[in-house]
Each structure stands twice: as C-alpha cells, then as structure tokens.
Amino acid sequence: MIEDMLRTPAAVQDAERHTAHNYHPLPVVISSAEGAWVTDVDGRRYLDCLAGYSALNFGHRHPTLIAAAHAQLDRLTLTSRAFIHDQFADFCRELAALCGKDLVLPMNTGAEAVETGIKVARKWGYQVKGVPAGQANIVVAEGNFHGRTTTIVSFSTDADARADFGPYTPGFKIVPYGDLTALAEAVDEHTVAVLLEPIQGEQGVVVPPTGYLPGVRQLCTERNVLFIADEIQSGLGRTGATFACEQEGVVPDMYLLGKALGGGIVPVSAVAADADVLGVLRPGQHGSTFGGNPLACAVATEVVRLLATGEFQRRSAELGERLHAGLHALIGKGLVAVRGRGLWAGLDIDPALMSGREACERLMERGVLAKDTHGSTIRLAPPLTITAEEIDHAVEQLAAVLAG
Ligand SMILES: Cc1ncc(COP(=O)(O)O)c(C=O)c1O
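Residues numbered from 1 in each chain as written. Predicted model: local features only at pLDDT ≥ 70, side-chain atom pairs only at ≥ 80, totals over all residues. Heavy atoms only, no water.

Let's shift gears to helix α4 (residues 88-99). With 12 residues, α4 extends 17 Å from end C-alpha to end C-alpha; this agrees with the ideal 16 Å at 1.5 Å per step. Those residues of α4 that sit buried are Phe 88, Phe 91, Cys 92, Glu 94, Leu 95, Ala 96, Leu 98 and Cys 99. Once α4 finishes, Gly 100 follows within two positions and takes phi at roughly 65°, a positive value. (Helix = DSSP H or I, 4+ residues; strand = E, 2+ residues; numbered from the N terminus. Expected span 1.5 Å × (residues − 1). Buried < 20%, exposed > 50% of the residue type's maximum accessible area, 1.4 Å probe, protein only.)

Below is the structure:
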C-alpha cells in the first residue's frame, strides 16, 4: 500500500486534536477486533499482546460475553441502585462464591474499587478495631499503582502520577515492596489495612520474593489489620490462577477486582470481603449511579461463569510456561530480565539497544501490539485465549526486533 494512501496518519492526528494528552498511544488506529487480533483502519492485523491492560482476558468480543451484552441491551440497561434489578443477585452471589467471600460491592472502574476498599477499611478501623477518630492509617508499597484519583495518587511513588496534584490525602505510609521487616515496622496500633498488588503490574510485572505474601497475611492477622489485595490487574486468570494471592496460598481480607470483570465490554469493578468487613457500610455511606447496573451485571456474571470452569486459569498457566520459556531464551539477546507469572510478563530491554517505546513501535510494525512502562520495560499480557502458535509468533517478532 502506498504510504500516502493510508488512513492511519490522518486518523492519528485527528485523535490527538481535541483530546487532553494524558496518554501517549502507539500510532495505530484500531477499528475492529476478534479474539487475540485487532484490525486497524487500513486493514492491517495485529496480535494484541496487551489485552487492554488485562481488561480483555477473554479476548476481544468473546461470543458468550457479547451474547449476554446483546440480550441485556434488549431488556434493561440501567435502574440505579435506587431499585433492585433482576441481574444483581446472581452477579453478587456468583462473584462472592468465586472469591470465597460473603459479600460483594460492585463499582465501575478499578480506582473506584480501590477508593471503596480504603473507605471500608477506615470505617472498619473506627467501628470494629476501635481506632480513635481520624487516626487511621493504611500501609502501601513503593512502586504501587492503584489508579488515578486524588487520594490514590497521594500515595503513589511515581512522580508523573503524583506531582502537582496536591494537596494530598493523609493517612498512608509507604514501605519498600517485598520487605516484610519494613512492613512490620510501619504497622502500628492505628493501622487499619495493608494495601498491596500481589504482583506490581504497572511497575513492570514485579513479583515479590517467595514468602512475602504469606508473611503479609500472617502479620495482618497477628496485628488485627485488613489485608487488601488489589487484584485488579493480577486477578481473574491472568497469572494462571483465579487470584495471584492463591498461588502463594494466601487469602486476603478483601479483594479489589476490575478490568477483566467487565469482559472487555463494560467497566465493572468490585470489592469482595466477608460480612464483618463489608458489612460496616450502611445506606447513604457509599455508592455509584452506574455501579452494579444491569448491563454490567449481565456481562460480569458470564465472566464469573467462564472463570468458574477453570479453563482460562489453566490456559494461562500452561501457555504462560511457553511464553516465559520463549522470553527467557532472549535474555542476553537484547533482554536483560524477564519477570512474571502465567500469561503476564515484564521484559527489560537492554537500554543500550533501544527504549521500551522504540521496541513497542518496532513490534507494532511487525504486527504485534504491546506497551512500554518505565523506560526500558515492556509489559506483555495477551488475551488468555491466545494460542501456542500465536505466542510463538509474538516471541519470534520480539526476537527479530531485538536482533535489529
Ligand atoms: C493494580 C491496579 N489497580 C487499579 C487500577 C486502576 O484501574 P482503572 O484504570 O480501571 O481505574 C489499575 C489499572 O491499571 C491497576 O493495574
């Protein structure tokens, strides 16, 4: 195709013109998708190895999820929580069962689930633990990513995410990720929760040392502190299990879920916890107009049912081994490190070769979509429906990019 006949350059410019520049997307303009593949406005196909930052764990337009959405669109889309709708109970019951918890509180975005978790933990601290009014603190980790609200960026250690958005919300203590001693020192009698990602996705798929998560669990139990696991990116099959915590034999007090819960169709997030924790909320104390709406519940119930089969977790574990074996073979050949679990990988490119951004641009030219994070790191998180051949294809393209 002759370069000046392509629709992409004008479409890229068009997309930039009337939008705040809060993202730096790759210059690809996608117009349709199916499974692990997307097609751009010029008809070029790409293997999607980002999957909407894990929001598309079941691939683009999974037939079961699309059917549920279509059927619900034809019946009922929104009631608000002022009334009960007929999709609500099934979703809450089935998600609670998947999480092994009593209760679920549905919201929309991941950041809202995190905010909900913080509010619930504080209320639990005052009402159940007996922390004096206004004194609660929550311990978080360096390198965290929990979203973009003013409270959440208050405890970010990423200067881009945080700078110039103050004044910041007090009540958070930051400790190095993976350091149990530092955590134990930070927890005091006013600590109501430890909030952690079991694997830090945005930081570059950073897996904590073995024993860390069980250690956090034990510390929280001993000190009467809630362990809040932000599984918004790591959960729902991504790491080869329903929850990343599960792979360390750990059950947190509260799961924060989002992304894949909406099946790549609607934003759906949720907090899951037992009644002694989530039960502290009373009418009027928290909510969302769209949280738990009929369309969201109809799609997310099918997501939970897909996960209840275990098929996607198994695929992620098995195919993840293939992905990681392929990537590890590239260490010393352009990669300096590979981290991750299941179909989730953070790759550090040799910075002498190229930046993460450059690598992603070159991958894109070869028909593979991935996204850089923090300089020389690339994150791979393909749909869990990806095939072995497609994984091999992605690894081959990466090898070719690294070979120059
Ligand atoms: C671990 C984690 N928590 C929270 C969020 C925020 O989710 P959202 O962008 O839906 O607000 C993200 C998003 O990347 C995440 O990775």
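More follows now that the structure is in view.
This part is about the site of the ligand. Neighbouring residues of the ligand: Thr 109, Gly 110, Ala 111, Phe 145, His 146, Gly 147, Glu 197, Asp 230, Ile 232, Gln 233 and Lys 259. Contact between the ligand and Gly 110: an oxygen atom at 2.8 Å from a main-chain N or O atom of the residue. Separating an oxygen atom of the ligand from a side-chain N or O atom of Lys 259 is a distance of 2.7 Å. Bound to the protein, the ligand loses 80% of the 390 Å² it would expose on its own. Looking at the shell around the ligand, its residues break down into 3 nonpolar, 5 polar and 3 charged. (Near = heavy atom within 4 Å. Polar contact = N/O pair within 3.5 Å; in protein donor to acceptor, adjacent residues only side chain to side chain. Areas by Shrake-Rupley, 256 points an atom, 1.4 Å probe, with all protein chains shown as cover. Nonpolar A, V, L, I, M, F, W, Y, C, P; charged D, E, K, R; others polar.)

This part covers empty space enclosed by the protein. In this structure the tally under the stated criterion is 1 cavity of 30 Å³ or more. Considered as a void within the structure, the largest cavity measures approximately 30 Å³ in volume. Looking at side-chain class alone, the lining of the largest cavity contains 7 nonpolar, no polar and no charged residues. (1 Å grid on protein atoms, 1.4 Å probe; cavity = no way out; pocket = protein on both sides within 12 Å on 5 of 7 lines; lining within 4 Å. Points joined across faces, edges and corners; volume = space filled by probe spheres on them.)

With respect to topology, 4 strands assemble into an open sheet ordered β11-β12-β15-β14, the strand pairing being antiparallel. The open sheet terminates on both sides in strands that have one partner only, identified here as β11 (335-340) and β14 (371-373). When strand polarity is set aside, the average angle formed by the axes of neighbouring strands in this sheet is 30°. Bridging between β14 and strand β15 (residues 377-380) involves 3 bridges; their strand directions are antiparallel. Along β15, the bridge assignment pairs Thr 373 with Thr 377. Lying on the sheet, helix α12 (residues 311-328) is in contact with β11, β12 (345-349) and β15; it crosses β11 at an angle near 165°. (Pairing = 2+ DSSP bridges. Axes fitted to C-alpha atoms, helices over the stretch in contact; angles between N-to-C directions. Contact = heavy atoms within 4.5 Å.)

Another point: unusual backbone geometry. Omega for the peptide link from Gly 166 to Pro 167 comes to 5°, which places this bond in the cis form. Its location among the elements puts Pro 167 in the loop between α7 (159-162) and β6 (172-175). Its identity as a non-glycine residue notwithstanding, Tyr 53 has a phi of 50°, on the positive side. Position of Tyr 53 among the secondary structure elements: in helix α2 (residues 51-54). With phi around 80°, Ser 54 is a residue other than glycine that occupies positive phi space. Tracing the backbone through its elements, the reader meets Ser 54 in helix α2. With relative accessibility at 1%, the residue Ser 54 sits in the buried group.

Before going further, it helps to examine the nonpolar core. Grouped together as the largest cluster of nonpolar side chains are 69 residues, with contacts concentrated most on Phe 91, Leu 95, Leu 261, Leu 327, Leu 347, Ile 378 and Leu 380. By residue number, the principal contributor to this core is helix α11 (residues 294-308), which donates 9 residues. Those residues in contact with Phe 91 that lie beyond four places of it in its chain are Val 104, Pro 106, Leu 261, Val 268, Cys 297, Ala 300 and Thr 301. By size, the runner-up hydrophobic cluster in this structure holds 30 residues, among which are Trp 124, Ile 152, Leu 195 and Leu 281. (Core = buried A, V, L, I, M, F, W, Y, C linked by side-chain atoms within 4.5 Å.)

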